[in-house]
Amino acid sequence: MANLKSLAKDTAIYGLSSIVGRFLNYLLVPLYTYYMPHDTGDYGISTNIYAYTALILVLLTFGMETTLFRFANDERYKSDTVFSTVMATVGSLTIIFLLLIFGFIGPISGALGYSEHPDYLLMMAVVVALDALQAIPFSYLRFQKRAIRFASLKLLFIALNIALNLIYFVLLGKTSVFYVFFINLLCTGFITLFFVPDLFKIHWKFDGQLLRTMLGYSWPILILGIAGILNQVADKIIFPLVYPDESQANVLLGDYGSCVKIAMIMAMITQAFRYAYEPIVFAKSKDADKTEYYASAMKYFIIFTLLAFLCVVGWMPLLQYIIGANYREGLGVVPIVMAAEIMMGIYFNLSFWYKLIDKTIYGAWFSLTGCLVLFAVNIIFIPQYSYWACAWGGVAGYGTAMVLSYFVGQKKNPIPYPMKDIAIYVVATAVLFAVMKLLPASWPDILTLAVNTLLIILFTALIVKKDLPLKSLPIIGKKFKR
């Protein structure tokens, strides 16, 4: 129980930086979609280039974030030595990457369709390089349980980013996508400076033998990470390449990319949970009650992501105003994308069985299989169904990886997940979602919001009755015990 309380506390802190930070970042969505010209496709360009940078970031970090946790918790190694070796590896990859980009920017920008704007790619290359270098110190903060510093730096980046975007877009009238990338570069460089003092406190020691051992552990995680990030961004990379109307590709991608932002609450919850959960899983791997703990964590993760799903769907008449009117054609994909994100979160939870027994190759195979399914759906159906194929491709890809991981995991390293309880919540969510979608479109928004809120309250009551009785809660529970 103490570990669950620790998980809840750390999730709350990491969630502050992730959820509050993403919420503040939502300020940029209306800013861009209300101020950027819709017909130029600038928002689509932003969506496309950020998809590439997300993929490159996984390549540069090389699975070393999880590897750091695995080996820093091993009593045979000093944590500073693990950090030093990981940092040197990622730093070397980053230098090689920058040399290649700056040396071959002409053909690269031409191949990606940005021959007239190589500056976009150069700025984002530096951004992703700095992000990769930051990723390891941020992971070390998580290992050291320095959640407050972690959250503070994340929130500082977001606050500075929003402030500069408001200055450039609103006050100065600079509405080109160029300034989106330029501001990101400024903010990322500024945050990097905060890690310099910490680096001087490390007892630096590179261990070649340790690196060889870590690479054997990390390369399947790299494959897993590549497949995982492709599941998230491949549709945004593929779309301009296969959509038949090139002049409209970036415009439609902008519509899709802006609407997907509303669905990203699932990514926030999953990310916050991961930041807190990953260090605890490895630390608890030798405890006798570890399987019960993993099973309980899975159940509560699913419960609260389903609650978040209903909240977003139910309050869509209000949330739609996050994006400009010209970009709202794609709002119908939001529930589909959220369902895919829930599957991704479940898959992340399931992934620990092979990480804990050092069989990360399984994760690589599962993710690659899911990625191939996603690629197939996108390539085959985008020309006919536009970004709807992107949304359903995510469901197909994550769903495939999730199902494979569950069934193989139950044979290799079984965990007694409470499938009956989980099924009750899934069915309840499906029923309430169907009711929300069947409400008359002619109703005024205020009435729709009222009814949907009542349905969300019903789901919350189910949670309280089954798994979160009020008497068990701190402060509130004391009143029920009197």
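Here the residue index of a chain counts from 1 through its sequence in written order. Only residues with pLDDT of at least 70 are given local features in this predicted model, and only at 80 or more are side-chain atom pairs given and counted; all residues enter the totals for whole chains, interfaces and linings. Excluded from the side-chain calculations are hydrogens and water; all other atoms, namely the structure's heavy atoms, are used.

A. Spotlight on the packing of helix α5 (residues 79-103) against helix α7 (residues 118-143). Every angle, taken between N-to-C directions, lies between 0 and 180 degrees, and every axis is a line fitted to C-alpha atoms, over only the stretch in contact when it is a helix. A run of H or I in DSSP becomes a helix once it reaches four residues, and a run of E becomes a strand once it reaches two; helices and strands are each numbered from the N terminus. Where α5 meets α7, the closest approach of the two axes is 10 Å, and the angle between their N-to-C directions is 175°. Between α5 and α7, the angle falls in the class roughly antiparallel. Here Ser 79, Asp 80, Phe 83, Val 86, Met 87, Val 90, Gly 91, Thr 94, Phe 97, Leu 98, Ile 101 and Phe 102 of α5 lie close against α7, whose contacting residues are Leu 122, Ala 125, Val 126, Val 128, Ala 129, Ala 132, Leu 133, Ile 136, Pro 137, Tyr 140 and Phe 143. Here the term charged refers only to Asp, Glu, Lys and Arg, the term nonpolar to Ala, Val, Leu, Ile, Met, Phe, Trp, Tyr, Cys and Pro, and the term polar to all other amino acids, Gly among them. Its residues assigned to classes, the contact of α5 with α7 comprises 19 nonpolar, 3 polar and 1 charged. Under this scheme an angle from 65 to 115 degrees is roughly perpendicular, one under 35 degrees roughly parallel, and one over 145 degrees roughly antiparallel; angles in between are oblique. Throughout, a residue-residue contact means that at least one pair of heavy atoms, one from each residue, lies within 4.5 Å.

B. Geometry of empty space enclosed by the protein. The method works on a 1 Å grid over the protein atoms by themselves. A cavity is a set of points holding a 1.4 Å probe that cannot get out, a pocket is an open set with protein on both sides within 12 Å along at least five of seven lines, and residues with an atom within 4 Å of a point line them. Grid points are joined across faces, edges and corners, and a volume is the space filled by probe spheres set on the points. The tally for this structure, following the rule as stated, stands at 2 cavities of 30 Å³ or more. The space that makes up the second largest cavity amounts to roughly 30 Å³. For the second largest cavity, the full set of lining residues is Leu 350, Trp 353, Ser 405, Tyr 406, Gly 409, Gln 410, Asn 413, Ile 415 and Tyr 417. Ranked by residue count, the leading element in the lining of the second largest cavity is helix α19 (residues 387-412), at 4 residues. Here the residues of the lining of the second largest cavity are counted per class, giving 5 nonpolar, 4 polar and no charged.

C. Here's a closer look at the packing of aromatic side chains. In summary, the pairing rule links any two rings of Phe, Tyr or Trp, Trp by its six-membered ring, whose centres are within 6.5 Å, and it sorts them by plane angle into stacked for under 30 degrees, edge-to-face for over 60 and tilted for everything else. Per the stated rule, a full pass over the model turns up 22 aromatic pairs. For the ring pair Tyr 406 and Phe 407, a centre distance of 5.2 Å and an interplane angle of 75° mean the geometry is edge-to-face. The cut-offs for exposure are 20% and 50% of the maximum accessible area for each residue type, with area from a 1.4 Å probe on protein chains only; residues under the lower value are buried, those over the upper are exposed, and the others partly exposed. Take Phe 407: its relative accessible area is 53%, and that puts it in the exposed class. Ring pairs connect the aromatic residues Tyr 32, Tyr 43, Phe 169 and Tyr 327, which therefore count as one cluster. To sit over a ring, a charge needs its Lys NZ or Arg CZ within 6 Å of the ring centre and within 35 degrees of the ring normal. Its guanidinium or amino end placed over the ring of Phe 138, Lys 154 lies 4.1 Å from that ring's centre, counting from NZ or CZ. The lysine or arginine in question, Lys 299, covers the ring of Tyr 300, its NZ or CZ lying 5.3 Å from the ring centre.

D. View of the layout of surface pockets. Of the voids in this model, the second largest pocket is the one considered here, and its volume is about 610 Å³. In terms of lining, the second largest pocket is formed by 25 residues, of which the most central are Ile 342, Met 343, Ile 346, Met 402 and Val 426. Elements that contribute at least two residues to the lining of the second largest pocket include exactly α14 (290-314), α16 (334-350), α19 and α20 (419-438). Classifying every residue of the lining of the second largest pocket gives 24 nonpolar, 1 polar and no charged.

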